[in-house]
Protein chains: 2
Amino acid sequence: MGGSSRSFNPRAGQYFGPDLPDTAPQEFEQTLDAAAAAASEWRSTTRRDRADVLRAIGTALDADRGRLAQLADDETALGVDSLAGEVGRTTFQLRQIADQVDDGSYLGVRIDLASTEPLPTGHPDLRRTRVPVGPVAVYAASNFPFAFGVAGGDTAAALGAGCVVVVKAHPAHPQLSEEIGRHISGVLREHGLPIGIFGLVRGFEAGRDLVVDHRIAAAAFTGSFAAGRALSQLAANRANPIPFYGELGSVNPVFVSPKAAGRGGALASEYVASLLLRNGQFCTNPSILVVPSGSGLRETVSELIASSPPAPLLAPGVHDLFEKRRALLAGIPGARVVSGPQPDAVQSWFVSPGLVSLSVSEALAHVDAIETECFGPVGLLVEYDAADEALALADRLHGCLVACVHGDEDDEVAAALVERLTRIAGRVVWNGWPTGVAVTPAQHHGGPFPATTDVQHTSVGAEAITRFLRPVAYQAMPTSLLPLELR
Amino acid sequence: MGGSSRSFNPRAGQYFGPDLPDTAPQEFEQTLDAAAAAASEWRSTTRRDRADVLRAIGTALDADRGRLAQLADDETALGVDSLAGEVGRTTFQLRQIADQVDDGSYLGVRIDLASTEPLPTGHPDLRRTRVPVGPVAVYAASNFPFAFGVAGGDTAAALGAGCVVVVKAHPAHPQLSEEIGRHISGVLREHGLPIGIFGLVRGFEAGRDLVVDHRIAAAAFTGSFAAGRALSQLAANRANPIPFYGELGSVNPVFVSPKAAGRGGALASEYVASLLLRNGQFCTNPSILVVPSGSGLRETVSELIASSPPAPLLAPGVHDLFEKRRALLAGIPGARVVSGPQPDAVQSWFVSPGLVSLSVSEALAHVDAIETECFGPVGLLVEYDAADEALALADRLHGCLVACVHGDEDDEVAAALVERLTRIAGRVVWNGWPTGVAVTPAQHHGGPFPATTDVQHTSVGAEAITRFLRPVAYQAMPTSLLPLELR
């Protein structure tokens, strides 16, 4: 109802640039109508044509990399170098999905020639492929304005699949969203394609209206638990429910086995580096570190945290929620809290990194509380005495995107941890850290609820594109009427 | 609340056999606890062991085929020969899933060896496989007491995937459900496996409690729209939502192009045969037949319907709903109604087959009403004058499991129909009928809502097993800690 987005520079603590109004109802209708009208033409393009469009979007972003990264940093303070690297990741992703679309194996083609055997063995000619699911709503993330943004992996996968896309821009980077959108629209124009293939909407209400709109056939979301949960329920409770692929997680455990604890100093500094990447604003943040007591790890990590400088969070809303959630973690009975140096008066909106430490029995007594999502630079460290306690904790944790185990090769505790964590995680990492999601076909970036709302969901890797397709089998169909890949 | 199931013989119109009480809360808890306790052992079995168990269940059912088919016919009147054939289909399905489990390609293994290239190309060793999703609830169907029953495709796929299963028995065949359950439990005992791997519950409340139970990780359902929709919403609105694979559809369109209308007599008799299979109680029932006006098809189909004898429906509840829904169809403005001979006084609970005919403009004016699910022997015939009208109707229909087109090879109308129907159907059949779902890897038995609650869902074919698995990626994991298929 007349809201708007304006860029906020988290370092300067100041709003800047134009006030971009939320998408008004009439504009929303036009955008959705244009998407629906363009759907048929886009799904009928060849795979080669769609791959070309994805590559051209990548080329356009690469050519504008410096300016886009600077604008993104002005709007989010996530770091201009890191953001320039993210542009590279994003265009790599666009090209990788383009290659996948060219290749066609994502269609999962299966052909069973007719068999005249008696039933139940005999059957007609059956050929299965995948077809576009329909117009897709993409909800862009705050913390990866490129890779999970307007032209991020979800948009690339949906366009590659043959689906038109309407993106809900994230209010933390409104100008960047417009700029990326302009690049996509420019590429569509250059290719003589309808502009409606890509749409962009702004504002809370537009986001809510999108997931219940009759023209939308699937939705992909990266963001907070509360927003993702609400949208996923709207999607499920529609008169005609649609698939909702929500990635909501940022609470990921890292276990250090007793045999690995001797690596103390290196582990501690690697942990803190991973925890504080982009000031803790990673969905693969290593929020929970579980270590043997008496290993000195708590002391070393505490010292590192205590000497890490304050830094800004990407948006005022993120800041406010972080402070609330940090207080919840710090309030767990038994918690020992360490904080970095407080921000000075000039940069009073910066936040200090923090560490909350508990014994394993304290953690087990408040297992829901320890998994409170606290998006930002705070870690929770849990100390165990006996290995059984670490395993008991692993058994009690919620679903997560990624879990890590630090251990030795001949390490029964580490082996048991890998087995247990496989039950709750979408990715299990050995002797490493959860941050950094490699863009490779074998990647799985998903996980059991609450990491995602759809346990088979992945937003990175070869399977990401299948979210926007559905299978169709053709029975006894003449060759001329079959999709090309089935002939 | 003290309900019970008792077998009903639809031919005799009489209840028979023991009164089987609904699963009491305490028994429900024991069944679910046993399932949860057995989950770890079952998921740790080798694929070979699980395949052996599936084959042994098939062997046990085959050995008892005659007795089981007779009991099923006593309880459902679906026909003893048809039911004996269905036992064969069911055990074929068990063996086919066993072969798939042996083969292992359903795990979708993907291995990306580490690359030391610079980012974003470089990446650690990443290997993806699929792991069991957890304990599965299976809701058995009324109309295929074997193939979609207690040991049907859903149970076979879930067990094959490594998930323990709790089946909600269908009240239309309570004794048969017990007997099949005994065979499964017997096989588990013979293999020295925990009985908890397979559980059986009875009653409306047990069914509702199952989908919200914290020990259940996924659910598969075949049945009515109302029940499936209610259960899918319960699944989506849990504190931790679970995947719900509901197959709810039985409204499937068949289009006859002007060029194919000359086949008149054969088309009419094939249509009526497909429509009346198992007295119309097929989820792939050809409920809507769209034909050129003036082709004589309406008259021929009407005559065949008018001379088809009354027959029983499988359960009193099915009977009552059928009568209600048939009245709704017959009440569509403009509807011309034909009925077969009325049942005599002795068999007053039998139902007569029926045909409701409309013009395409009448159908388009009541497009929701024409898709009213009427589970039983009633067809809706729609006549069009111009081909455009047939296409307009195809564009307005809801999602369906299967759509059929009768046409010639050089037939633009038929080609356009195939293209349009691909947008709403899970399977598109050329010059054939929707009934009869071949058990082959390329099969897709699913479709857009309301055919199913999950558009990627299939309950038949190579992909059926993936419903009960979820992907996991291992990063930099030592060989000894990897699942066998990833080493």
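If you're wondering where the values come from, they're calculated on a predicted model, not measured in any experiment.

> Can you walk me through the pattern of salt bridges in this structure?
Where side chains of opposite charge bring their charged atoms close, a pairing between them can arise. Applying the stated criterion across every chain, the model contains 54 salt bridges over all chains. Its salt-bridge partner being R128(B), residue E463(A) comes within 3.7 Å of it at the nearest N-O pair. Pair noted here: E463(A) is in the loop between β16 (425–430) and β17 (469–475) and R128(B) is in strand β4 (residues 126–132), and the two residues belong to different chains. Taking relative accessible area as the criterion, R128(B) reaches 6% and is therefore assigned buried.

> I tried to follow the relation of the copies chain B and chain A on my own but got confused; where do I start?
The two chain copies are related to each other by a rotation about an axis together with a translation along it. Once chain B has been moved 0.0 Å along the axis and rotated by 180°, it coincides with chain A to within an RMSD of 0.0 Å. Both copies of the chain, as the preceding transformation shows, are related through a two-fold rotation axis. Looking at the rotation axis and the C-alpha trace of chain B, the residue lying nearest is A236(B), at 3.2 Å. Here 100% of the contact residues of chain B are again contact residues in chain A; the copies associate through an equivalent surface.

> Got a minute to help me understand the pairing of strand β8 (residues 218–222) of chain B in this structure?
Each regular strand carries side chains that alternate between the two faces of the sheet. All names here are of chain B. Among the five residues in β8, five count as buried, and that is most of the element. Residues A218, A220 and T222 point to one face of β8 and A219 and F221 to the other, with burial holding for every one of them. Taken together, the four bridges between β8 and strand β9 (residues 244–247) define a ladder with parallel strand orientation. Each residue of the ladder has a partner; that of F221, found in β9, is G246. For the crossover that starts at β8, traverses helix α8 (residues 225–236) and ends in the parallel β9, the hand is right-handed.

> In this structure, what is going on with the packing of aromatic side chains? I would like to understand it.
Centre distance and the angle of the planes are the two values used to describe a pair of aromatic rings. Tallying each qualifying case throughout the model produces 18 aromatic pairs over all chains. Seen in terms of ring centroids, Y271(A) and W433(A) are 5.9 Å apart; in terms of plane orientation they differ by 50°. Their pairing is tilted. In this pair, Y271(A) sits in helix α9 (residues 264–276) while W433(A) sits in the loop between β16 and β17, placing the two residues 162 residues apart along the sequence. Aromatic pair W349(B) and F350(B): ring centres 6.2 Å apart, planes at 70°, arrangement edge-to-face. When its relative accessible area of 8% is taken as the criterion, F350(B) is described as buried. These aromatic residues form a ring-pair network of at least three members: Y139(A), F221(A) and F244(A). Over the ring of Y245(A) we find R467(A); its NZ or CZ atom is 6.0 Å from the centre of that ring.

> It is not clear to me how the sheet that holds strand β7 (residues 198–201) of chain A should be interpreted in this structure. Could you clarify?
Pairing between the strands of a sheet comes from backbone hydrogen bonds, and it takes one of two forms, parallel or antiparallel. All names here are of chain A. Overall, parallel pairing links the five strands, which are arranged β7-β6-β5-β8-β9 in an open sheet. Where the open sheet ends on each side, the last strands, each with one partner, are β7 and β9 (244–247). Strand-to-strand twist in this sheet, taken as the mean axis angle between neighbours without regard to direction, amounts to 15°. In the sheet, strand β6 (residues 165–168) pairs with β7 via four bridges, with the strands oriented parallel. Counterpart to K168 in the pairing with β7 is V201.

> I'm lost on the environment of F16(A) in this one. Help?
Residues and elements named next belong to chain A. Examined against the element boundaries, F16 turns out to sit in strand β2 (residues 14–21). Classification of F16 by relative accessible area gives partly exposed; the value is 22%. Apart from residues lying up to four places away in sequence, F16 is in contact with R6, S7, F8, N9, D74, E75 and Q175.

> Can you help me understand the sheet that holds strand β5 (residues 136–139) of chain B in this one?
Residue and element names in this part refer to chain B. Pairing is parallel in the open sheet, where five strands are placed in the order β7-β6-β5-β8-β9. Two strands lie at the open edges of the sheet, namely β7 (198–201) and β9, each paired on one side alone. Averaged over all pairs of adjacent strands, the angle between strand axes in this sheet comes to 15°, irrespective of strand direction. With four bridges joining them, β5 and β8 adopt parallel strand pairing. Residue V138 lies in a different strand from β8, and its bridge partner there is A220. Where helix α1 (residues 25–43) meets the sheet, it contacts β6 (165–168) and β7, and its direction lies at approximately 160° from that of β7. Sheet strands in contact with α8 are β5, β8 and β9, and its direction is about 170° off that of β9.

> In this structure, what is going on with unusual backbone geometry? I would like to understand it.
A negative phi angle characterises most non-glycine residues, just as the trans form characterises most peptide bonds. Omega for the bond connecting F449(A) with P450(A) falls within 30 degrees of zero, at 5°, which places this linkage in the cis form. Its location among the elements puts P450(A) in the loop between β16 and β17. Phi angles above zero are rare outside glycine, and A77(B) is one such case at about 60°. Take A77(B): it is sitting in the loop between α3 (65–76) and α4 (80–103). Phi angles above zero are rare outside glycine, and A476(B) is one such case at about 55°. Residue placement: A476(B) occurs in the segment after β17 (469–475).

> How should I be thinking about the pairing of strand β5 (residues 136–139) of chain A in this particular structure?
Residues and elements named next belong to chain A. Both faces of β5 are covered, namely the face carrying V136 and V138 and the face carrying A137 and Y139. The sheet contact formed by β5 and β6 spans four bridges and is parallel. Looking across to β6, one finds that V138 is bridged to V167. As for the winding sense of the linkage, the β-α-β connection from β5 through helix α5 (residues 153–161) to β6 is right-handed.

> Please clarify how the interface of chain B and chain A should be interpreted in this entry.
Size of an interface, as often reported, equals the accessible area lost when the parts are brought together. In this assembly, 64 residues from chain B lie in contact with 64 residues from chain A. At the junction of chain B with chain A, the criterion picks out two salt bridges. Seen at the junction of chain B and chain A, the total is 37 residue pairs in polar contact (both at pLDDT 80 or more). Among the elements that make up the side of chain B that touches chain A, the one with the highest residue count is β17(B) (seven residues).

Here is what the cut-offs are and how they apply
Residues numbered from 1 in each chain as written. Chains lettered and ligands numbered in written order. Predicted model: local features only at pLDDT ≥ 70, side-chain atom pairs only at ≥ 80, totals over all residues. Heavy atoms only, no water. Salt bridge = Lys/Arg side-chain N within 4 Å of Asp/Glu carboxyl O. Helix = DSSP H or I, 4+ residues; strand = E, 2+ residues; numbered from the N terminus. Buried < 20%, exposed > 50% of the residue type's maximum accessible area, 1.4 Å probe, protein only. Least-squares fit on C-alpha atoms with pLDDT ≥ 70 in both. Contact = heavy atoms within 4.5 Å. Pairing = 2+ DSSP bridges. Right-handed = clockwise from strand over helix to strand, strands pointing away. Phe/Tyr/Trp six-rings, centres within 6.5 Å; stacked < 30°, edge-to-face > 60°. Lys NZ or Arg CZ within 6 Å of the ring centre and 35° of its normal. Axes fitted to C-alpha atoms, helices over the stretch in contact; angles between N-to-C directions. Polar contact = N/O pair within 3.5 Å; in protein donor to acceptor, adjacent residues only side chain to side chain.

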